[in-house]
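Given next are the chains, with one letter for each unit.
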Amino acid sequence: MALAPVRSTMTPGVQSSFTPFTDFHLITNRTAIKSLNLNWAERDLPERIRTKHVHRLHPYLGKFIPQLVEIFLRKYSPRVVCDPFCGSGTTLVQSLELGINSVGSDISDFNCLLTSVKTADYDLDELEREIKDICQRTIGEVHHRLLEERGVYIVDNYLSRWFAPAALKTLLLYRSLIDDYVYKDVLKIILARSARSARLTTHFDLDFPKRPQRDPYYCYKHSRTCEPTQTAAQFIKRYSYDTIKRIQEFSELRGDASVNIMHGDSRFLEFPSFDLVLTSPPYVGLIDYHEQHRYAYELLGLDWNASNEIGAATNGNSRLAKKAYVDGITATFENVLKFLSPKGRIVVVVNDKHNLYPEIQERLGLRLEDRIERHVNRRTGRRADDFFESILVWKS
Ligand SMILES: C[S@@+](CC[C@H](N)C(=O)[O-])C[C@H]1O[C@@H](n2cnc3c(N)ncnc32)[C@H](O)[C@@H]1O
């Protein structure tokens, strides 16, 4: 299929009349990205395509679109790409799919765990056997005996507030069995995903529930009265099979490339060298990245490092918070630039509504090689978005 000469006429507030570009495999280093219409609406790039294979092993708020990453990886075809805010690992997964070596880092222990589960190489038969075995032991008949044998009991803490007793017992039993297996990290992600769905919360507020919902409530998502879930077994079963399927799908696609995941504060980490940075940094006052997966930190005993998050929502977006944000992002890129090859590029995807990036660019002494504006208009559920996202291409 020929590369359609689609030119976006988009200016803020104006809908493009051209069909958005979806022939991603046709991108080469000669493609002028600016000439492409990247203003995908839900029908152009439906959620199931944006969350293909391992990208949906666990929900994650603030992820970028894998297809956008693919475009820039194909355009610049780096030897090694670095994402210093790798989050749920989109850049690393897409790099692996294209056979490109990658390095990623994140301050959040859970995000690093998720990224490593997405990118690891598995003995698929053994993985399937283990996932089905722990699932059967947790929710099959044998679980009554195991609950006693393993001494699973509930104490008064975060978990007992956010889960109904029966659901929590199932989750704690699953957790107690994880050490019996080789693929522990995959099982931790299945447990975390099940826990997320089994929380005492409303169906329409799974992202940031403020308090446990114990009573029936009017559900905006289903337009009827719903009850908070009392059990977790159904989620463990569903996500066990879904995980097997997604990892199998990705195993058919993954290329031969190295993936290096580092857990820590990207302002201070020592990276291996690379020739492209492709990243979407946290934005000021928008999301608390540790808090969004609090249930996983509590269940899995992960390292809580929220105070070193740049731009955390808890810190708001006051003048002071913006200054701290600009300092934090500048310090991260200053560090990252030390490991970038001299002809390398930095591609930053950001919704810069406070116009902070011109100052960051200036402080870093970088040159703006390209700037692409993208209209984000995905109307799904109650989290309907409609905003502009910039893609900045910097060179030193
Ligand atoms: C917008 S998200 C990145 C999402 C990612 N592009 C994806 O597709 O999943 C920003 C990430 O920056 C991380 N972060 C915030 N402060 C950091 C720091 N000081 N060092 C490293 N990572 C940090 C957050 O934990 C979060 O995962």
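Structure: see above.
Chemist: I would appreciate a short explanation of the packing of aromatic side chains in the present structure.
Modeler: Geometrically, a pair of aromatic rings is defined through the distance of the ring centres and the angle of the planes. Taken as a whole and assessed by the stated rule, the structure comprises 19 aromatic pairs. With centroids separated by 5.9 Å and ring planes inclined at 65°, the aromatic side chains of F24 and W40 adopt a geometry described as edge-to-face. Pair noted here: F24 is in the segment before helix 1 (47-50) and W40 is in the segment before helix 1, with a separation of 16 residues, a long-range link. Each of the two residues, F24 as well as W40, counts as buried. The interplanar angle of 90° and the centroid separation of 6.2 Å between the aromatic rings of F271 and F274 together place this pair among those described as edge-to-face. Exposure class is identical for F271 and F274. Each is buried. Members of the aromatic cluster, each reached through a chain of ring pairs, are F85, Y283, Y325, F333, Y357 and W394. Over the aromatic face of W304 sits the side chain of R294, whose NZ or CZ is 5.8 Å from the ring centroid.

Chemist: I'm lost on the packing of helix 5 (residues 124-139) against helix 10 (residues 233-253) in this one. Help?
Modeler: How two helices sit against one another is set out by the angle between their axes and by the gap between those axes. One way to put it is that helix 5 packs onto helix 10 with a least axis distance of 10 Å and a crossing angle of 175°. The orientation of helix 5 with respect to helix 10, classified from their angle, is roughly antiparallel. Counted together, L124, L127, E128, I131, K132, C135, T138 and I139 of helix 5 and A233, I236, K237, S240, Y241, T243, I244, I247, Q248 and S251 of helix 10 form the full contact between these two elements.

Chemist: Where do I start with the sheet that holds strand 2 (residues 101-106) in this structure?
Modeler: The pairing of strands in a sheet happens through backbone hydrogen bonds and is either parallel or antiparallel. Spatially, the seven strands line up as an open sheet ordered 5-2-1-6-7-9-8, and their pairing is mixed. Every other strand in the sheet has two partners, leaving strand 5 (259-263) and strand 8 (367-376) as the edge strands with one partner each. In this sheet, adjacent strand axes meet at a mean angle of 15° when their direction is disregarded. Contacts from helix 12 (residues 319-337) reach strand 6 (274-279), strand 7 (340-350) and strand 9 (387-395) within the one sheet, and its direction differs from that of strand 7 by about 150°.

Reading the values: rules and limits
Residues numbered from 1 in each chain as written. Predicted model: local features only at pLDDT ≥ 70, side-chain atom pairs only at ≥ 80, totals over all residues. Heavy atoms only, no water. Phe/Tyr/Trp six-rings, centres within 6.5 Å; stacked < 30°, edge-to-face > 60°. Helix = DSSP H or I, 4+ residues; strand = E, 2+ residues; numbered from the N terminus. Buried < 20%, exposed > 50% of the residue type's maximum accessible area, 1.4 Å probe, protein only. Lys NZ or Arg CZ within 6 Å of the ring centre and 35° of its normal. Axes fitted to C-alpha atoms, helices over the stretch in contact; angles between N-to-C directions. Parallel < 35°, antiparallel > 145°, perpendicular 65-115°, else oblique. Contact = heavy atoms within 4.5 Å. Pairing = 2+ DSSP bridges.

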